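Observations on the three-dimensional arrangement
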Amino acid sequence: MSTPAAATPAGAAAGASTTGTTAGTNAETSAGNTAHAGASSAVEQRLAELGLTLPDVAAPVAAYVPAVISGNHVYTSGQLPFINGKLEATGKVSSGTEGASDEPTVSPEAAKHYAAVCAVNALAAVKSVIGDLDRITRIVKVVGFVSSDPSFTGQPGVINGASELLGQVLGDAGQHARSAVGVAVLPLDSPVEVELIAEFA
Amino acid sequence: MSTPAAATPAGAAAGASTTGTTAGTNAETSAGNTAHAGASSAVEQRLAELGLTLPDVAAPVAAYVPAVISGNHVYTSGQLPFINGKLEATGKVSSGTEGASDEPTVSPEAAKHYAAVCAVNALAAVKSVIGDLDRITRIVKVVGFVSSDPSFTGQPGVINGASELLGQVLGDAGQHARSAVGVAVLPLDSPVEVELIAEFA
Amino acid sequence: MSTPAAATPAGAAAGASTTGTTAGTNAETSAGNTAHAGASSAVEQRLAELGLTLPDVAAPVAAYVPAVISGNHVYTSGQLPFINGKLEATGKVSSGTEGASDEPTVSPEAAKHYAAVCAVNALAAVKSVIGDLDRITRIVKVVGFVSSDPSFTGQPGVINGASELLGQVLGDAGQHARSAVGVAVLPLDSPVEVELIAEFA
């Protein structure tokens, strides 16, 4: 897996995918929240062992933000598979044997990888508001939206990319309730979008 | 923007769009929750400055309600762009240059307006259970569903209609996490549906 | 309605539909949580009066679980209409007069029944983590996803199957906020998927 370096909430306007993001322009990402600050937390060490670092979090471009704290929960915006500010792929997910569309499609295997990228970006969004991912006590809920060819029914396998990543880096705290659904189309023609609710202490 | 006068939850049966709603028949909308009671709260004053008043909230027509309080949160039902009890538009959202469907479609600009109407109706649903919108301390999460032509990928721009409205009337408290997705079809062929979670004190 | 005997979260891998589940292999379903343990709670007695028993809850097959407790809330995974470990139907929901697809479809009436099955499975998921459904103080939120022919707009009527079931067995505590949306396709080609948030004491 590549190293994501910029998460953008799914609510971002289309142009946001080409908007560079730096911590300096983003009040949400205070000092210490850069990808280069070192993997000081146990969660980030496990990410590093998987070859992953947390991206910077994109600046809000509208009246919404990457994540909100309410009580001891963090709600993230829907996350797209951005890496270094670029959407990794576009198109609907289709198993090759089923789809008959002329449009380019994304394989289930590739989409599972992109779902993991979404999960990493969701963790970055969580960190942007609680500062340290080791404060996470539980991933409560994950919803995964898969842009799907109408004949593709393997959404659970795709969203396993996110679920397995969360389990790998958070252990028991990463065990979540989950819904996976196949939608008609996603922002910027993204193949997958993942949102989550995290409990923290 | 027109003045919405009746919100109906997305769960309403199809016939509900033609069912008149009055505060007198709706236990959920106690005295003081009518659109004509005067904009006593700061939030409603800002709505009034935008030319908006809160609609009455439709009576529940099934074993669900427009909004539920749990702890210090309000969860709303999915809101459709009803104004005066009438769904403002039907059809899928499509950019004119992409869609090739013979069916009538809704432009992204119009859909953004309808998303704002959904947000107003969501605020009315919140008020129906907490009484005063000034009690809102934060809009925690918004999910926006856009009935989308499969080639339409501008869901974020559509749901900005809801996000910007919430920011205009709630200020910092209106800054929320958000997901925007494109779905195959919505109840009553609505072009957009918006649900939210609000924190209140 | 038949007697469901195994709920499987929507996140289950495709193969899960043919995987037998027994309480003995599932740490989530401790003793007392079998369908044959007797309807000791008031909620289960009402289910029994409707001819329903709670299914066993499927073992987690990935880094997610059927339900998670956070504070005094339970979040369930998306539930499919499994009965005895078998998905009751596949296909998109369509009114007969509208759909022109050659693929098999599910009628709105049948889909409403399957939504009720989803709700029973969601209650089983809740019980798997809180032990006794009489502890439920409120169903806070239900989201119902209906795999829909693009011309089918009766999602509310379908999800009423879940809402009415919850009202029948939980009374006032079953009155929830709700969103119903029509999606392109669901896991395993299920016609409907339901998730919920329950408050308990």
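Residues numbered from 1 in each chain as written. Chains lettered and ligands numbered in written order. Predicted model: local features only at pLDDT ≥ 70, side-chain atom pairs only at ≥ 80, totals over all residues. Heavy atoms only, no water.

A closer look at the interface of chain B and chain C
When the parts come together, some accessible area is lost, and that loss is often what is quoted as the size of the interface. Contacts between chain B and chain C engage 27 residues on the former and 30 residues on the latter. Taken together, the two surfaces of chain B and chain C that pack against each other cover about 2100 Å², and 57% of this comes from carbon and sulfur. At the junction of chain B and chain C, the tally comes to one salt bridge. For Lys-141 of chain C, the salt bridge goes to Glu-195 of chain B, with nearest N and O atoms at 2.5 Å. A per-element tally of the side of chain B that touches chain C places strand β3 (residues 67–70) of chain B first, with three residues. When grouped by side-chain class, the residues that make up the side of chain B that touches chain C number 17 nonpolar, six polar and four charged. (Contact = heavy atoms within 4.5 Å. Buried area = accessible area lost by both parts, 1.4 Å probe. Salt bridge = Lys/Arg side-chain N within 4 Å of Asp/Glu carboxyl O. Helix = DSSP H or I, 4+ residues; strand = E, 2+ residues; numbered from the N terminus. Nonpolar A, V, L, I, M, F, W, Y, C, P; charged D, E, K, R; others polar.)

Observations regarding the packing of helix α1 (residues 42–49) of chain C against helix α3 (residues 155–170) of chain C
A pair of packed helices can be characterised by two numbers: the angle between their axes and the separation between those axes. Residue and element names in this part refer to chain C. Their axes nearest at 8 Å, the elements α1 and α3 cross at an angle of 120°. Here α1 is positioned oblique relative to α3, judged by the angle of their axes. Here Val-43, Arg-46 and Leu-47 of α1 lie close against α3, whose contacting residues are Gln-168, Val-169 and Leu-170. A per-class count over the contact of α1 with α3 returns four nonpolar, one polar and one charged. (Axes fitted to C-alpha atoms, helices over the stretch in contact; angles between N-to-C directions. Parallel < 35°, antiparallel > 145°, perpendicular 65-115°, else oblique.)

So, the interface of chain A and chain B
With 27 residues of chain A at the interface, the matching set in chain B holds 30 residues. Across the chain A to chain B interface the summed buried area is about 2100 Å²; carbon plus sulfur atoms make up 58%. For chain A, the biggest contributors to the area lost against chain B are Ala-63, Tyr-75 and Val-185 of chain A; these three give 27% of the whole. Counting every contact that joins chain A to chain B gives one salt bridge. Across the chain A-chain B interface, the total number found is twelve residue pairs in polar contact (both at pLDDT 80 or more). For the side of chain A that touches chain B, the secondary-structure elements that each account for two or more residues are β3 (67–70), β4 (73–76) and β11 (192–200) of chain A. Counting residues per element, the side of chain A that touches chain B draws most heavily on β3 of chain A, at three residues. Residue classes in the side of chain A that touches chain B are distributed as 17 nonpolar, six polar and four charged. (Polar contact = N/O pair within 3.5 Å; in protein donor to acceptor, adjacent residues only side chain to side chain.)

Some points on unusual backbone geometry
One non-glycine residue with positive phi stands out, namely Asp-189 of chain A, at about 65°. You can see Asp-189 of chain A is positioned in the loop between β10 (177–183) and β11.

Considering the relation of the copies chain B and chain C
Least-squares fitting of chain B to chain C yields an RMSD of 0.0 Å, with the superposition described by an axial translation of 0.0 Å and a rotation of 120°. What the superposition gives is, in effect, a three-fold axis relating one chain to the other. Here only 11% of the interface residues in chain B have copies in chain C that are interface residues too; the copies meet through unlike faces. (Least-squares fit on C-alpha atoms with pLDDT ≥ 70 in both.)

Describing the sheet that holds β4 of chain A
All names here are of chain A. Pairing is mixed in the open sheet, where five strands are placed in the order β3-β4-β11-β9-β10. At either end of the open sheet lies a strand with only one pairing partner, and these are β3 and β10. Adjacent strand axes in the sheet meet at a mean angle of 15° when their direction is disregarded. Of the strand pairs in this sheet, β3 and β4 are connected by four bridges, and their pairing is antiparallel. Across the sheet, residue Val-68 finds its bridge partner in β4, namely Tyr-75. Running over the sheet, helix α2 (residues 108–130) touches β3, β4, β9 (136–147) and β11 and is turned about 40° from β11. (Pairing = 2+ DSSP bridges.)

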